Amino acid sequence: MTALFVTKRFFNIDAVYSRELQEKLKSELTFLAPLKSEEDLENRKEELQTVDYIFSTWGMLALTKEQILTYFPNLKSVFYAAGTVQAFARPFLELGISVHSAWRANGIPVAEVTVSEILLANKGFFRRRVRSRSEWSNRDPELRYPGNYGTKVGLLGAGMIGAKVIELLRPFRLEVMVFDPFLSDERAEALGVKKASLEEIFETCHIVSNHLANKPETVGIIRRDLLARMGEYSVFINTGRGAQVDMEALIDEMRAHPARTAILDVTDPEEPPKEDSPLYTLENVILTPHIAGSIGVEMNRLADFMYEEYTAVANGNPPKHAVSVEMLETMA
């Protein structure tokens, strides 16, 4: 069987696919030289005809059906060691070529970071830094920072990441409320959460964390009127997508309510924000550079998932991480 790595940013291959895994793959498959751009397709047309499997990660080429049929007539599967496949998957799937994504693996660190931030925020960790002896007190008679027992936490979205957050929060006896139009009553009961409207979540939850799928209908869904409902000491966390938040409204709310906190790992319309963005200077905004997703050695987990997926496909076993056309309608 013949395979090749495909990505516009080939340094990602070495970052995601460990040396050990690359050697393992090359001991099992015949690898052609990596494909780095569409401009190389015609020059390599003859050898690309033999490719059975594509391995990729961030920077995967977005090919048309015509290009796939012309240059990869023998292609069986694409293994994508990263998250969302929205930018490239549909033409492959419509041609009957299976696409496999490590989006579940990429969601693990996002959920871990989110849960860490929720637990710390409930304790006031982000707002109670001691800068003088006179500030040394953990008394909080107003319950501005209620702790982690029975506290209401609102999650927007109960997809893979949202569900993982729910799972990881379970030992802490929090009251988890979820807004998700696709969440059935039966699944909500199985997850141990309460379904709620956006309005109820923003109005009653100490923490609101965004995990909605990045779809046209969710752009700007976190509106000014919702943000205005937040409690005076509440916390908004976004490790999902920046486009779902009315960023101008969020900035206005953070200015008007300095006791509130926003913890943002993603921004919109630009990432990173413009140099003069108030997000850099507002004291109650904690801005991180998209660290919730896989970083460092965590990226190797993405490739490991795809190696397991390739092994299943090659041996005729059911894959665990295949993407369908139907899934593209709801996944991030």
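Attention in this report is confined to the structure presented alongside it. (Residues numbered from 1 in each chain as written. Predicted model: local features only at pLDDT ≥ 70, side-chain atom pairs only at ≥ 80, totals over all residues. Heavy atoms only, no water.)

## Quick word on the overall build of the protein chain
Turning to step 1, where the next piece is worked out: On a plain count of helices and strands, the protein chain comes out with 12 helices and 13 strands.
Turning to step 2, where the next piece is worked out: With 332 residues in all, the protein chain has 50% of them scored as buried.
Turning to step 3, where the next piece is worked out: Looking at the protein chain alone, contacts between residues at least 24 apart form 68% of all its contacts between residues at least 6 apart.
Turning to step 4, where the next piece is worked out: Of the accessible surface of the protein chain, which amounts to about 16,400 Å², a share of 51% is contributed by carbon and sulfur atoms.
Turning to step 5, where the next piece is worked out: Within the protein chain, the 47 negative side-chain charges are centred at a point lying 5 Å from the centre of the 37 positive side-chain charges. (Helix = DSSP H or I, 4+ residues; strand = E, 2+ residues; numbered from the N terminus. Buried < 20%, exposed > 50% of the residue type's maximum accessible area, 1.4 Å probe, protein only. Contact = heavy atoms within 4.5 Å. Areas by Shrake-Rupley, 256 points an atom, 1.4 Å probe, with all protein chains shown as cover. Lys, Arg positive; Asp, Glu negative; His and termini not counted. Charge placed at Lys NZ, Arg CZ, Asp CG, Glu CD.)

## What to know about the packing of aromatic side chains
Turning to step 1, where the next piece is worked out: One pass over the full model with this rule turns up 15 aromatic pairs.
Turning to step 2, where the next piece is worked out: With a centroid separation of 6.1 Å and 85 degrees between ring planes, the pair formed by F79 and Y310 is classed as edge-to-face. With F79 in strand 4 (residues 77-80) and Y310 in helix 12 (residues 299-314), this residue pair connects regions lying 231 residues apart in the sequence. Take F79 and Y310: they sit in the same class, and that class is buried.
Turning to step 3, where the next piece is worked out: Cluster of aromatic residues (ring-pair linked, three or more members): F5, Y17, F31, Y53, F55, F79, Y307 and Y310. (Phe/Tyr/Trp six-rings, centres within 6.5 Å; stacked < 30°, edge-to-face > 60°.)

## Considering the sheet that holds strand 2 (residues 30-31)
Turning to step 1, where the next piece is worked out: Pairing is mixed in the open sheet, where six strands are placed in the order 2-1-3-4-5-13. A single partner strand is all that each edge strand has here, and the edge strands are strand 2 and strand 13 (322-323).
Turning to step 2, where the next piece is worked out: Across four bridges, strand 4 lies against strand 5 (residues 98-101) in parallel orientation. Among the inter-strand pairings, V78 is bridged to a residue of strand 5, identified as V99.
Turning to step 3, where the next piece is worked out: Most of the contacts of helix 2 (residues 19-28) go to strand 1 (residues 2-6), to which it runs at about 150 degrees, and overall it touches strand 1, strand 2 and strand 3 (53-56). (Pairing = 2+ DSSP bridges. Axes fitted to C-alpha atoms, helices over the stretch in contact; angles between N-to-C directions.)

## Here we look at helix 2
Turning to step 1, where the next piece is worked out: Taken together, the buried positions of helix 2 are L21, Q22 and L25. Burial along helix 2 is one-sided: seen end-on, the buried residues are contained in an arc of 100 degrees. Facing away from the buried surface of helix 2 by more than 90 degrees, the exposed residues are R19, E20, E23 and S27.
Turning to step 2, where the next piece is worked out: Where the residues of helix 2 are buried, they touch strand 1, helix 1 (11-16), strand 2, strand 3 and helix 12. (Arc of directions from axis to C-beta.)

## Thoughts on the nonpolar core
Turning to step 1, where the next piece is worked out: Core analysis: the largest hydrophobic core is formed by 28 residues, its most contacted members being L4, I54, F72, V78, F88 and F92.
Turning to step 2, where the next piece is worked out: When contributions to this core are tallied by element, the ones reaching two or more residues are strand 1, helix 4 (65-71), strand 4 and helix 5 (89-94).
Turning to step 3, where the next piece is worked out: When residues in this core are grouped by element, the largest group, three residues, is from helix 5.
Turning to step 4, where the next piece is worked out: Leave out the neighbours within four places in its chain, and F72 touches L4, L35, L41, L48, V51, I54, L63 and Q67. (Core = buried A, V, L, I, M, F, W, Y, C linked by side-chain atoms within 4.5 Å.)

## Quick notes on the pairing of strand 9 (residues 207-210)
Turning to step 1, where the next piece is worked out: Residues I207 and S209 of strand 9 are buried on one face, and the alternating residues V208 and N210, pointing to the opposite face, are buried as well.
Turning to step 2, where the next piece is worked out: Across four bridges, the pairing between strand 6 (residues 152-156) and strand 9 is parallel. If you follow L155 over to strand 9, its bridge partner there is S209.
Turning to step 3, where the next piece is worked out: Note: strand 9 against strand 10 (residues 235-238), four bridges, orientation parallel. Of the residues in strand 10, the one forming a bridge with S209 is I237.

## Observations concerning the pattern of salt bridges
Turning to step 1, where the next piece is worked out: Counted by the stated rule, this structure contains 13 salt bridges.
Turning to step 2, where the next piece is worked out: The shortest N-O distance in the salt bridge between R90 and E94 comes to 4.0 Å. Here R90 and its partner E94 are both found in helix 5, four residues apart, which amounts to about one turn of the helix.
Turning to step 3, where the next piece is worked out: The exposure class assigned to R90 is partly exposed, which follows from its relative accessible area of 31%.
Turning to step 4, where the next piece is worked out: Between R224 and D252 there is a salt bridge, and its shortest N-O distance comes to 3.0 Å. Within this pair, whereas R224 is found in helix 10 (residues 224-227), its partner D252 is found in helix 11 (residues 247-256), the two being separated by 28 residues in sequence.
Turning to step 5, where the next piece is worked out: R224 gets classed as partly exposed once you look at its relative accessible area, which sits at 35%.
Turning to step 6, where the next piece is worked out: Look at the salt bridges and you will find they share partners, linking K65, R90 and E94 into a network. (Salt bridge = Lys/Arg side-chain N within 4 Å of Asp/Glu carboxyl O.)

Remember that the coordinates give geometry; whether it matters functionally is a separate question.
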